[in-house]
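Coordinate analysis (summary)
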Amino acid sequence: DVKVTQSSRYLVKRTGEKVFLECVQDMDHENMFWYRQDPGLGLRLIYFSYDVKMKEKGDIPEGYSVSREKKERFSLILESASTNQTSMYLCASSRTVNQPQHFGDGTRLSIL
Amino acid sequence: EDQVTQSPEALRLQEGESSSLNCSYTVSGLRGLFWYRQDPGKGPEFLFTLYSAGEEKEKERLKATLTKKESFLHITAPKPEDSATYLCAVLANAGKSTFGDGTTLTVKP
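Below is a summary of the structure that appears in this document. (Residues numbered from 1 in each chain as written. Chains lettered and ligands numbered in written order. Predicted model: local features only at pLDDT ≥ 70, side-chain atom pairs only at ≥ 80, totals over all residues. Heavy atoms only, no water.)

Some remarks on the sheet that holds strand β3 (residues 19–26) of chain B
All names here are of chain B. Stated formally: DSSP-based pairing: two strands are paired if at least 2 bridges between them are found. Numbering of helices and strands runs from the N terminus; a helix is a DSSP stretch of H or I covering at least four residues, while a strand is a stretch of E covering at least two. A fitted line through C-alpha atoms represents every axis, and for helices the fit uses only the stretch in contact; the resulting angles, taken between N-to-C directions, go from 0 to 180 degrees.
With antiparallel pairing, the five strands of this open sheet are ordered in space as β1-β3-β8-β7-β6. Whereas interior strands pair on both sides, the edge strands pair on one side only; in this sheet they are β1 (3–7) and β6 (56–59). The average undirected angle you get between the axes of adjacent strands in this sheet is 15°. Across five bridges, the pairing between β1 and β3 is antiparallel. Across the sheet, Q6 pairs through a bridge with C23, a residue of β3.

Observations concerning the environment of V66(A)
Rule in force here: Whether two residues are in contact is decided by their heavy atoms: any pair within 4.5 Å suffices.
Inspection of the secondary structure assignment puts V66(A) in strand β7 (residues 64–70). Setting aside residues no more than four positions away along its own chain, V66(A) makes contact with W34(A), Y47(A), K55(A), F74(A), S75(A), L76(A) and I77(A).

Observations regarding the interface of chain A and chain B
Which entries qualify depends on this criterion: Buried surface area refers to the total accessible area, computed with a probe of radius 1.4 Å, that the two partners give up upon joining, counted for both partners together. By convention in these notes, a salt bridge is any Lys or Arg side-chain nitrogen within 4 Å of a carboxyl oxygen on Asp or Glu. Between N or O atoms, a polar contact is any pair within 3.5 Å; within protein, one atom must be a potential hydrogen donor and the other a potential acceptor, and residues adjacent in sequence are included only when both atoms are from side chains.
In this complex, chain A contributes 21 residues to the contact, which on the side of chain B involves 19 residues. The contact between chain A and chain B buries some 1,600 Å² in all, and 51% of this surface belongs to carbon and sulfur atoms. Our count for the chain A to chain B interface comes out at one salt bridge. A salt bridge links K96(B) to D59(A), with the shortest nitrogen-to-oxygen separation between them at 3.1 Å. Scanning the region where chain A abuts chain B turns up eight residue pairs in polar contact (both at pLDDT 80 or more). Counting residues per element, the side of chain A that touches chain B draws most heavily on strand β5 (residues 42–49) of chain A, which supplies four residues.

Observations concerning the pattern of salt bridges
Residues and elements named next belong to chain B. Quick note on the threshold: Burial status follows relative accessibility: with a 1.4 Å probe on protein chains alone, a residue under 20% of its type maximum counts as buried, one over 50% as exposed, and anything between as partly exposed.
This model, assessed by the stated rule, comprises eleven salt bridges over all chains. The partner of D39 in a salt bridge is R37, and the shortest N-O contact between them spans 3.0 Å. The class for D39 is partly exposed, based on a relative accessible area of 25%. When the shortest N-O distance is used, the salt bridge between K57 and E55 registers 3.6 Å.

Topic: the state of the cysteines
Residue and element names in this part refer to chain A. What counts is decided by this rule: Our working definition of a disulfide is a cysteine sulfur pair at a distance within 2.5 Å.
In the structure shown here, the tally under the stated rule is two disulfides over all chains. Disulfide partner of C23: C91, at an S-S distance of 1.9 Å. An S-S torsion of about -75° defines the bridge between C23 and C91 as left-handed. You can see C23 sitting in strand β3 (residues 19–25) and its partner C91 sitting in strand β9 (residues 87–94), a full 68 residues away along the chain. You can call C23 buried: its relative accessible area is 0%. Classification of C91 by relative accessible area gives buried; the value is 0%.

With respect to the environment of Y86(B)
Residues and elements named next belong to chain B. With respect to the element layout, Y86 can be found in strand β9 (residues 84–92). Taking the C-alpha atoms as reference, Y86 lies 5.7 Å from Y36; in sequence the two are 50 residues apart. When residues no more than four places from it in sequence are discounted, the contact partners of Y86 are Q6, L21, W35, Y36, R37, L47, L62, L73, G102, T103 and L105.

Structure follows, in structure tokens:
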């Protein structure tokens with residue numbers, strides 16, 4: 001079974017802090033994704049990556065950046081956290097673009 | 001712009017009462033449609049992939065079907081453990097998936 005592991009289940013940070021969310025997958029998948037999930041807005045794509053050191057903007061990249069130095073690890077960075085970034089963050093991976101995504105259990109991030 | 005609309009938002013069923021969830025979509029070139037199940041506090045879990053109109057997939061009490069404009073997730077004789085939020089996602093030619101807001105299913109014993 002594919003395992004996607006997110007480093008924290010719950011995280012509380014202060015406005016203006018730089019925040020790192022880490023995600024690791026163990027199935028040698030090419031593609032990795034970061035979403036945020038908010039009530040009434042569904043899952044929205046922040047960034048995705050098709051290969052190491054490669055990244056593409058999703059639908060809501062403002063205020064975020066990503067890093068993929070190794071194939072199995074995809075990091076989401078909040079450069080200067082703001083209260084409107086309080087959300088559930090979900091990481092996913094897939095073998096190819098046409099195949100289903102496998103999700104981690106999410107990080108619930110609160111920005112105070 | 002790709003759009004996915006799921007209905008109803010919430011569905012309450014008695015155990016054994018069959019029903020269907022709907023996923024309507026408009027997309028520029030459908031490459032695939034995915035159904036996921038999400039339990040509270042967990043990430044979505046993959047259920048089915050459908051690639052072309054007329055295709056059907058089944059797993060236990062669930063059956064997914066696809067037309068050119070919508071997909072249905074049919075639940076036959078549901079049990080309380082089928083209670084979850086069911087998400088639909090479409091993959092377009094641009095290579096990105098667009099998710100619907102989900103249908104929250106509650107099955108009462």
